[in-house]
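Below are the chains, spelled out letter by letter.
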Amino acid sequence: METHTKNFTAEEIRSALEQVKDPEIPVLSIVEMGMVSKIDADAEVPVVVLTPTFVGCPALNLIRQSAVEALKERGIHAEVKFDLSDKWTTNRLSPQAKEKLEKFGLAPPPYLSDEELTEEQLNRVRCPHCHSTDTTLRTAFGSTLCRAIRFCFTCRQAFEQFKPVA
Amino acid sequence: MQNALKELILQMADDALVLGHRNSEWTGIGPMLEEDLAFSSMAQDKIGHALALYTILHEHMGEPDPDKLGFMRKEEEYRCCQFVELPIGEYDFTLARHFLYDHAELIRYEMLVNCPFEPLAQMARKVRGELKYHVLHADTFLRELARGTEESKARMQAAIRYAWPYALGMFEITDADAQLAAAGAYAGEKERRSRWLSTVSSIINDAGLQVPEPDEAKAIYGGRKGYHSEYLKPLLDEMTEVVRLDPTAEW
Ligand SMILES: [Zn+2]
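Sequence order as written defines the numbering, with residues in each chain counted from 1. Chain labels run from A onward and ligand labels from 1 onward, assigned in the order the entries are written. Owing to the predicted nature of the model, reporting of local features is limited to residues with pLDDT of at least 70; listing and counting of side-chain atom pairs is limited to 80 or more, with chain, interface and lining totals taken over all residues. With hydrogens and water stripped out, all remaining heavy atoms of the structure feed into the side-chain values.

Engineer: Hey, could you run me through the overall build of chain B in this one?
Structural biologist: In this description a helix means any DSSP run of H or I spanning at least four residues, a strand means any run of E spanning at least two, and both kinds are numbered starting from the N terminus. From N to C terminus, chain B includes nine helices and zero strands. Reading chain B from its N end, one meets helices and strands in the order α-α-α-α-α-α-α-α-α. Taking 2.2 N^0.38 as the reference for a compact globule, 251 residues should give roughly 18 Å; the C-alpha atoms of chain B span a radius of gyration of 17 Å, in line with that estimate. On the principal axes, the C-alpha backbone points of chain B span a range of 55 × 45 × 30 Å. A contact between two residues is defined here by any heavy atoms of the two lying within 4.5 Å. Of the contacts formed within chain B by residues at least 6 apart in sequence, a portion of 79% connects residues at least 24 apart. Residue exposure ignores everything except the shown protein chains as possible cover, and the areas themselves are Shrake-Rupley values with a 1.4 Å probe. Split by element, the accessible area of chain B, about 10,400 Å² in all, is 52% carbon and sulfur. For this measure, only C-alpha atoms enter the radius of gyration; the expected value for a globule follows 2.2 Å times N^0.38, where N is the number of residues.

This is the structure:
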């Protein structure tokens, strides 16, 4: 089969996926988000397994299509699928990803040391404008499923947070 | 065992689908913008959870595709409890239902994290984290209203009292129950009810409200066996209408 004359490595596939953004968080690629769980480059048709951030995220289909497209552009024909075999938590965001989020004005989620979302863990959040940690949760439901709205007592502004998910 | 599992997954999916659609009715008319967003987000979560559960039934258990399961069954084939079917009513009722229902739903997922049927266990482990936010939201608002004015407290108490028999109906026992328990797949509705009762009682008491008697005789059953309230049919027609008008409509 002509299309399989060249085999691609997992690194090449990953690098193509770095072009794919989550439309709700335009500063991060799906690789930085920690959504790419498995790349099987050796299969006859390479397989990419993605893990959804939220089960009900309306962008999942779009993300899968963009991933297929981005791979095609590099001549890679792969099967891209979502499954839940790996659990996504906000701990899968890389440190660079968290930095980018903060620059984007979205407070990054704190590192979660266990599965329980305690009040203490929920409240350890730094304001992306003035870096004060004197902040409180206004509502856990912001403009998208992954965002919460907090208020900063120091600069008296509301800000959005990428909410921690265990 | 396969059929008992299907039964349980249908109950879960239908509960989430119907309540998700009910909650989405608050979009644009919520009492404040923040609450509008909250109910819209929770509706999106629930409809997404229903879709994921129907997908499990389709991919692992030989059932029709999710659109057919979600929108093209007869009324008596739905397995949701009557509690989720009720109209949104006043905000107090919506909030009382949100509080009583979401704790029960979270407990159901917690009871499934070690289910030997792996697709359901994976789903449970994932969804549990998302639902934490639903109960956090419910608990916060319940406390605020209960500690607000005399009027808001009385209204919250009345809403809980009204919702209570329907809430007890969530734990209706079917033939699937004993089979699942024997197979170690799911400990059953009696167990879920007792965990739920202890969780919600302590929050209701904490808020300074009274917990109604968990009187079995008053529970409103039927939904799990296909007997529904008068409110389900019109809601299903409305949901199906959207599918009929645009078969490619995204969920
Ligand atoms: Zn600030």
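Engineer: Hey, could you run me through the sheet that holds strand 9 (residues 157-162) of chain A in this one?
Structural biologist: Adjacent strands of a sheet form backbone hydrogen bonds with each other and so pair up, either parallel or antiparallel. Residues and elements named next belong to chain A. When DSSP locates at least two bridges between a pair of strands, those strands are taken to pair. The four strands lie next to each other as 6-9-8-7, forming an open sheet whose pairing is mixed. Taken across any chain shown, the strands that pair with only one partner, and hence form the sheet edges, are strand 6 (106-107) and strand 7 (135-139). Pairing between strand 7 and strand 8 (residues 147-152): four bridges, direction antiparallel. Bridge assignment links Thr 135 to a residue of strand 8, and that residue is Cys 152.

Engineer: Help me out: how do you make sense of the coordination of the zinc ion in this one?
Structural biologist: Protein-derived coordination of the zinc ion comes from Cys127(A) (SG), Cys130(A) (SG), Cys152(A) (SG) and Cys155(A) (SG), at a distance range of 2.3 Å. With four donor atoms in place around the zinc ion and angles of 103 to 115 degrees between them, the coordination shape is tetrahedral. Each metal site is built from N, O and S donor atoms within 2.8 Å (3.2 Å for Na, K and Ca), and since water is not included, such sites may look incomplete. Every geometry call rests on angle ranges, with four donors termed tetrahedral when all angles are between 85 and 135 degrees, four termed square planar and six termed octahedral when opposite donors are over 155 degrees apart and all others are between 65 and 115, and everything else termed irregular.

Engineer: I tried to follow the interface of chain B and chain A on my own but got confused; where do I start?
Structural biologist: You'll often see interface size given as the accessible area lost when the parts meet. Listed by partner, the interface residues are 24 residues for chain B and 29 residues for chain A. Accessible area, probed at 1.4 Å, shrinks when two parts are joined; the buried area is that loss added up over both. Both faces combined, the contact of chain B with chain A buries some 2,200 Å², and carbon together with sulfur accounts for 61% of it. Within this document, salt bridges are pairs made up of a side-chain nitrogen of Lys or Arg and a carboxyl oxygen of Asp or Glu, the two lying within 4 Å of each other. Applying the counting rule to chain B against chain A returns zero salt bridges. Side-chain atoms alone can form a polar contact between residues adjacent in sequence; in general such a contact is a pair of N or O atoms within 3.5 Å, and within protein one must be able to donate a hydrogen while the other accepts it. Inspection of the region where chain B meets chain A yields four residue pairs in polar contact (both at pLDDT 80 or more). Listing elements by their share of the side of chain B that touches chain A, those giving two or more residues are helix 2 (33-61) and helix 5 (118-146) of chain B. Sorting elements by how many residues they give to the side of chain B that touches chain A places helix 5 of chain B first, with 13 residues.

Engineer: Would you take a moment to explain the domain arrangement of chain A for this structure?
Structural biologist: All names here are of chain A. Boundary definitions for the domains trace back to an automatic or database domain assignment. Partitioning chain A into structural domains gives domain 1 (10-82) and domain 2 (103-162). For domain 1 and domain 2, the distance between their C-alpha centres works out to 28 Å. Across the contact, eight residues belong to domain 1 and seven residues belong to domain 2. Between domain 1 and domain 2, a total of about 650 Å² is buried, with carbon and sulfur atoms accounting for 83% of that surface. Together, Glu 24, Ile 25 and Phe 54 form the three largest contributors to the area buried by domain 1 at its contact with domain 2, with a combined 64%. Viewed at the interface, domain 2 and domain 1 are joined by zero salt bridges. Along the contact surface separating domain 1 from domain 2 lie one residue pair in polar contact (both at pLDDT 80 or more). Any residue that is not Ala, Val, Leu, Ile, Met, Phe, Trp, Tyr, Cys, Pro, Asp, Glu, Lys or Arg is counted as polar, Gly included; the first ten are nonpolar and the last four charged. Of the residues belonging to the side of domain 1 that touches domain 2, the class tally is six nonpolar, one polar and one charged.

Engineer: Looking at this structure, how should I read the environment of Glu85(B)?
Structural biologist: All names here are of chain B. Among the secondary structure elements, Glu 85 is positioned in the loop between helix 3 (66-71) and helix 4 (91-110). Working definition: with a 1.4 Å probe on protein chains only, accessible area under 20% of the residue-type maximum means buried, over 50% means exposed, and in between means partly exposed. For Glu 85, a relative accessible area of 0% translates into the label buried. Sequence separation between Glu 85 and Ala 138 is 53 residues; the distance between their C-alpha atoms is 19 Å. The contact partners of Glu 85, leaving out residues within four places of it in the chain, are Val 18, Arg 22, Cys 80, Arg 97, His 228, Ser 229, Tyr 231 and Leu 232.

Engineer: Even after reading the chapter, I still don't get helix 2 (residues 60-73) of chain A, so can you show me in this structure?
Structural biologist: Because each turn of an α-helix spans 3.6 residues, side chains separated by three or four positions in sequence point in the same direction. All names here are of chain A. Taking 1.5 Å per residue, 14 residues should reach 20 Å; helix 2 reaches 20 Å between its end C-alpha atoms and fits that length. Of all the positions in helix 2, only Leu 60, Ile 63, Ala 67, Ala 70 and Leu 71 are classed as buried. The arc that holds the buried residues of helix 2, viewed along the axis, is 95 degrees, so those residues lie on one side. The elements touched by buried residues of helix 2 are helix 1 (10-17), strand 1 (21-22), strand 4 (47-50) and strand 5 (79-82). Phi for Gly 75, located one or two positions after helix 2, is positive at around 80 degrees. Each residue after the first adds 1.5 Å to the expected span of a helix. The arc in question is the one traced by the directions running from the helix axis out to the C-beta atoms.

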